[in-house]
Amino acid sequence: MKRHPVTAFIGLVLVTGLLLPACATAPPPGAAARPATPREVFLNKCSKCHPAGKAYAIIHRRDLWDAQVAVCTSHDPSWIKDADMKAIIAYYEDHPQVLARVFNRSCGDCHQWAKLRELHKSGTQWESIISFMGGMSGTMMSRDEAELLCGGLTDP
Ligand code: HEC
Ligand code: HEC
């Protein structure tokens, strides 16, 4: 990895507090002929009242996940049907692979996951780092993917 003026850039961002607005979510993928994946059900159903990404802070804990999905489902059971709730609960299993894929594609050419985790930065810090580093790999990152990375890199 070669040295790069990007650190100064990050410094500037952190000092000036030029932050992105907090996490918002991308629309779910368009209607498809195949059945929706658990992640698609999650993105669709859980973004009605707040960004689905609100959930990334708790998805590392099975008990918190199950409980919050149940609480939010009870806010609008006609919107989140039983089958949706089951799919969303099951998304817990897929989330680590989704996170690894987004990280590898967006950051993994230049950074190691464990090393970044050791920095113990706050969610707000990660948000601004990701918004500037997100384009470094030359690939696009959706808002939801940025939130997902932010949630994964931030200490619970
Ligand atoms: C009908 C509206 C609605 C839907 C749909 C909804 N939520 Fe929520 N969600 C809320 C409200 C209101 C709050 C804040 C109060 C609360 O925790 O009940 C909230 C809060 C949260 C929180 C933060 C809890 C905290 O302690 O700060 C998480 C995480 C969350 N929702 C996840 C989800 C997930 C996952 C889904 C999909 C299953 C979902 N929400 C769907 C209304 C909704
Ligand atoms: C194309 C290579 C590249 C990609 C992709 C990339 N970065 Fe970086 N990143 C760098 C370089 C170069 C630096 C500056 C390193 C230095 O000067 O110490 C840096 C610095 C950082 C720092 C500051 C390191 C520290 O010790 O404080 C963080 C945090 C960071 N990157 C996170 C990320 C994240 C998160 C992603 C994915 C969204 C990402 N980077 C994508 C090359 C990259």
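The model shown is predicted, which means the values in this text are computed figures rather than measured ones.

As for the overall build of the protein
Then comes step 1: Check the secondary structure of the protein and you find 7 helices and 0 strands.
Then comes step 2: Counting from the amino terminus, the protein carries its helices and strands in the arrangement α-α-α-α-α-α-α.
Then comes step 3: Relative to its full complement of 156 residues, the protein shows a buried share of 26%.

Focus: helix H2 (residues 38-45)
Along an α-helix, a turn takes 3.6 residues, which lines up residues three or four apart on a common side.
Then comes step 1: Taken residue by residue, H2 has Arg39, Val41, Phe42, Leu43 and Lys45 as its buried positions.
Then comes step 2: The inward-facing, buried residues of H2 abut helix H4 (82-106) and helix H7 (143-153).

Side note on the site of ligand 1
Then comes step 1: Taken together, the neighbourhood of ligand 1 is formed by 18 residues, with Cys46, Cys49, Cys72, His75 and Asp76 sitting nearest.
Then comes step 2: The biggest single contributor to the shell around ligand 1 is helix H3 (residues 62-75), with 6 residues.
Then comes step 3: In terms of residue class, the shell around ligand 1 is made up of 10 nonpolar, 4 polar and 4 charged.

What to know about the packing of H3 against H4
Then comes step 1: In the contact formed by H3 and H4, the axes pass within 10 Å of each other and the chain directions differ by 155°. Compared by their axis directions, H3 and H4 come out roughly antiparallel. As H3 runs across H4, the sense of the crossing is right-handed. Where H3 abuts H4, its residues Arg62, Trp65, Asp66, Val69 and Thr73 lie against Met85, Ile88, Ile89 and Tyr92.

Some points on unusual backbone geometry
Then comes step 1: Although it is not a glycine, histidine 120 adopts a positive phi angle of roughly 50°.
Then comes step 2: Structurally, the position occupied by histidine 120 is in the loop between helix H5 (113-117) and helix H6 (123-133).

Topic: the confidence of the model for the protein
Then comes step 1: Chain-level pLDDT for the protein is 84 on average; 79% of the residues reach the 70-or-more range.
Then comes step 2: Counting contacts from residues 5-24, a segment whose pLDDT is below 50, to residues more than four positions away or on other chains yields 21 contacts.

A few points about the nonpolar core
Then comes step 1: In terms of nonpolar packing, the biggest core is built from 26 residues, with Phe42, Cys46, Ile88, Ile130, Leu149 and Cys150 touching the most fellow members.
Then comes step 2: For this core, the secondary structure elements donating two or more residues are H2, H3, H4, H6 and H7.
Then comes step 3: Filtering out sequence-adjacent residues up to four positions away, isoleucine 88 remains in contact with Pro38, Val41, Phe42, Lys45, Cys46 and Val69.

What about the environment of methionine 133?
Then comes step 1: With respect to the helices and strands, the residue methionine 133 is situated in helix H6.
Then comes step 2: Here methionine 133 falls in the buried class, since 21 other C-beta atoms lie within 10 Å of it.

Details of the packing of H2 against H4
Then comes step 1: Their axes nearest at 7 Å, the elements H2 and H4 cross at an angle of 115°. The angle between the axes of H2 and H4 places the two elements in the roughly perpendicular class. Between H2 and H4 lies a crossing whose hand is left-handed. Contacts between H2 and H4 involve Pro38, Arg39, Val41, Phe42 and Lys45 from the former and Asp84, Ala87, Ile88, Ala90, Tyr91, Asp94 and Val98 from the latter.
Then comes step 2: By residue class, the composition of the contact of H2 with H4 is 8 nonpolar, no polar and 4 charged.

Cut-offs applied
Residues numbered from 1 in each chain as written. Chains lettered and ligands numbered in written order. Predicted model: local features only at pLDDT ≥ 70, side-chain atom pairs only at ≥ 80, totals over all residues. Helix = DSSP H or I, 4+ residues; strand = E, 2+ residues; numbered from the N terminus. Buried ≥ 20, exposed ≤ 12 C-beta atoms within 10 Å, placed from the backbone. Contact = placed C-beta atoms within 7 Å. Near = placed C-beta within 6 Å. Nonpolar A, V, L, I, M, F, W, Y, C, P; charged D, E, K, R; others polar. Axes fitted to C-alpha atoms, helices over the stretch in contact; angles between N-to-C directions. Parallel < 35°, antiparallel > 145°, perpendicular 65-115°, else oblique. Left-handed = near helix turned anticlockwise from the far one by under 90°. pLDDT = per-residue confidence, 0-100. Core = buried A, V, L, I, M, F, W, Y, C linked by C-beta atoms within 7 Å.

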